[in-house]
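Working through the structure, step by step
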2 protein chains.
Amino acid sequence: MENILFDKVLSVLLKIDGQDSRSTAIHVTLETSTSAAPLHRKELLVRLTDDTDSFFLYTLALGEDDFQFLKNQQGLLIDFGTFPQKLIELLELCLDQQNKESPKFVLHLSKMDNSEHSLAELAIVETNPFKHLTHLTLKVKPGSDLEVKQFLAKCLKQLQEEHRQLQSHLQTTESSLKRQLMQSHE
Amino acid sequence: MENILFDKVLSVLLKIDGQDSRSTAIHVTLETSTSAAPLHRKELLVRLTDDTDSFFLYTLALGEDDFQFLKNQQGLLIDFGTFPQKLIELLELCLDQQNKESPKFVLHLSKMDNSEHSLAELAIVETNPFKHLTHLTLKVKPGSDLEVKQFLAKCLKQLQEEHRQLQSHLQTTESSLKRQLMQSHE
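What comes next concerns the included structure. This one's a predicted model, so the numbers in the text were calculated from it and none came from an experiment.

Cut-offs applied
The numbering scheme is per chain: residues are counted from 1 as the chain's sequence reads. Here every chain gets a letter starting at A, and every ligand a number starting at 1, in the order they are written. Reporting in this predicted model follows two pLDDT cut-offs: at least 70 for local features of residues, and 80 or more for side-chain atom pairs to be given and counted; totals over whole chains, interfaces and linings ignore these cut-offs and use all residues. Note that the side-chain values use all heavy atoms of the structure and ignore hydrogens as well as water. A contact between two residues is defined here by any heavy atoms of the two lying within 4.5 Å. Summed over both partners, buried area is the accessible surface (1.4 Å probe) that two parts give up on being assembled. Any Lys or Arg side-chain nitrogen located within 4 Å of an Asp or Glu carboxyl oxygen qualifies as a salt bridge. Runs of E in the DSSP output that reach at least two residues are strands. Runs of H or I that reach at least four are helices, and both are numbered from the N terminus. Residues are sorted three ways: Asp, Glu, Lys and Arg are charged, Ala, Val, Leu, Ile, Met, Phe, Trp, Tyr, Cys and Pro are nonpolar, and all the rest, Gly among them, are polar. For two strands to be treated as a pair, DSSP must find at least two bridges joining them. Partly exposed residues are those whose accessible area sits between 20% and 50% of the maximum for their type, while under 20% is buried and over 50% is exposed, using a 1.4 Å probe and protein chains only. For Phe, Tyr and Trp, where Trp contributes only its six-membered ring, two rings pair if their centres lie within 6.5 Å, and the inter-plane angle classes them as stacked under 30 degrees, edge-to-face over 60, or tilted in between. Charge-over-ring contacts are defined here by two conditions on Lys NZ or Arg CZ: a distance within 6 Å of the ring centre and an angle within 35 degrees of the ring normal. Least-squares superposition of the copies uses the C-alpha atoms of those residues scoring a pLDDT of at least 70 in each of them. Axis definition: a line fit to C-alpha positions, over the contact stretch in the case of helices; interaxial angles, taken between N-to-C directions, run 0 to 180 degrees.

The next subject is the interface of chain A and chain B. By convention, interface size is frequently given as the accessible area that disappears when the constituent parts associate. Tallying the contact residues gives 27 residues for chain A and 27 residues for chain B. Both sides together, the interface formed by chain A and chain B hides about 2,700 Å², and carbon and sulfur atoms give 79% of it. Here chain A is connected to chain B by 2 salt bridges. Between Asp145 of chain A and Lys149 of chain B there is a salt bridge, and its shortest N-O distance comes to 2.9 Å. Residue assignment for the side of chain A that touches chain B shows that the elements contributing at least two residues are strand 4 (53-63) and helix 3 (145-185) of chain A. In terms of residues, the side of chain A that touches chain B owes the most to one element, helix 3 of chain A, which gives 25 residues. Tallied by class, residues from the side of chain A that touches chain B come to 12 nonpolar, 10 polar and 5 charged.

Turning next to the pairing of strand 4 (residues 53-63) of chain B. Residue and element names in this part refer to chain B. In the sheet, strand 3 (residues 41-50) pairs with strand 4 via 8 bridges, with the strands oriented antiparallel. Residue pairing across strands places Glu43 opposite Gly63, the latter belonging to strand 4. Counting the residues in the hairpin turn of strand 3 and strand 4 gives 2 residues. Across 2 bridges, strand 4 lies against strand 7 (residues 132-142) in antiparallel orientation. Note that in strand 7 the partner of Tyr58 across the bridge is Pro142.

To continue, consider the pattern of salt bridges. Side chains carrying opposite charge are able to pair once their charged atoms draw close together. The final tally for this structure, using the stated rule, is 16 salt bridges over all chains. One salt bridge connects Lys8 of chain A with Glu92 of chain A, and the closest N-O pair in it is separated by 2.7 Å. Here Glu92 of chain A lies in helix 2 (residues 83-97) and Lys8 of chain A lies in strand 1 (residues 2-16), a separation of 84 residues in the sequence. In this structure, Glu147 of chain B and Lys141 of chain B form a salt bridge, with 3.2 Å as the shortest nitrogen-oxygen distance. The exposure class of Lys141 of chain B is partly exposed, given its relative accessible area of 38%.

Turning next to the packing of aromatic side chains. Counted under the stated rule, the structure contains 6 aromatic pairs over all chains. Taking the centre distance of 5.1 Å and the plane angle of 50° together, the rings of Phe67 of chain A and Phe83 of chain A count as tilted. Remark: Phe83 of chain A occurs in helix 2 and Phe67 of chain A occurs in helix 1 (residues 64-74); sequence separation between them is 16 residues. Each member of the pair Phe67 of chain A and Phe83 of chain A is classed as buried. The lysine or arginine in question, Lys149 of chain A, covers the ring of Phe55 of chain B, its NZ or CZ lying 4.9 Å from the ring centre.

So, on to the relation of the copies chain A and chain B. The operation relating the pair of chain copies consists of a rotation about an axis and a translation along that axis. Aligned on chain B, chain A shows an RMSD of 0.0 Å; the corresponding rotation is 180° and the shift along the axis is 0.0 Å. As the rotation angle and translation indicate, the two copies are arranged about a two-fold axis. Considering only C-alpha atoms, the residue of chain A closest to the rotation axis is Lys149 of chain A, which sits at 2.1 Å. Of all interface residues in chain A, 100% are interface residues in chain B too; the two copies therefore contact each other through one and the same surface.

Let's shift gears to the sheet that holds strand 5 (residues 105-111) of chain A. All names here are of chain A. Read around the closed barrel, the 7 strands follow the order 1-2-3-4-7-6-5; overall the barrel is mixed. Mean inter-strand twist for the sheet, computed between neighbouring axes without regard to direction, equals 40°. Contacts from helix 1 reach strand 3 (41-50), strand 4 and strand 7 (132-142), with the element oriented near 85° to strand 4. Where helix 3 meets the sheet, its contacts fall on strand 1, strand 2 (22-35), strand 3, strand 4 and strand 7, and the angle it forms with strand 4 comes to roughly 105°.

Written out as structure tokens, the structure reads:
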């Protein structure tokens, strides 16, 4: 079972080692999923995609145990249950600021190298007059061929459904308006 | 450079070792492609997909050398240049016959086992009162995760473009008919 909590395109500062930083638009999706078997395990799924590049996919599946590690490592003061809401608030802050000249909150995506399989870091960074403050860093994993394949199949199925609905909407609209037009001519 | 020669959904008799044969609809695409480098190599690409299963993909890339082997093996009397046209004629024969009660030409897709990576055979079989005559057998290879991923990305891009066009078509139709309707009311 999946439950989408957040699904928006955000401006991200992309930093790849050895290259100049550049700003790019990244689709950020947060989902909670509950795996039924073998354990009733709740996970927060973070997915980064690029609407202009079908092969771009980074994910993080964060379970309760992973969260405890993250909490200790980064000194978080919240628990697993409230983490998704806090993360959404931080992302919304970045979204609010992204069109400003000097945005206070910026999303950074950093890769140590440009190789296909290396992890990347997604960080939410606040800039105040004194310093850059990193509120949160999440390690995200590039999708394997299998994962990208599965994700694309899902997107394709969804778009096929939307396309069918749009086709039938066009038909209904056309015939309804034509009927009205004919009646008005009578 | 790709050039689509044939792109139709055909009824196929699916035979998997140890299972009953069953009829299913398979999307058959033939393309010629010319690779520029390192050699100016012309290939015929045969692609089998299933419009209801995004992960179903079988392909065959047939170059001139592969064709010579096929020609010797199956006693074909045509050359590489005329092979695509002949193949299309045979597929059209299957298509013509597929809704008949006892179709004379039937497309068979056989797999020796149900494992993910095993080759399959696509055969065009004529049934006459005396026997089953196999006109042609092509060995097709299941797509790897990478190949399926690339194929799905292509489908998605194409459908996204169609969807955009349909959206703008809906808009144009709606506003044009509404304008006519308003004018007729004046």
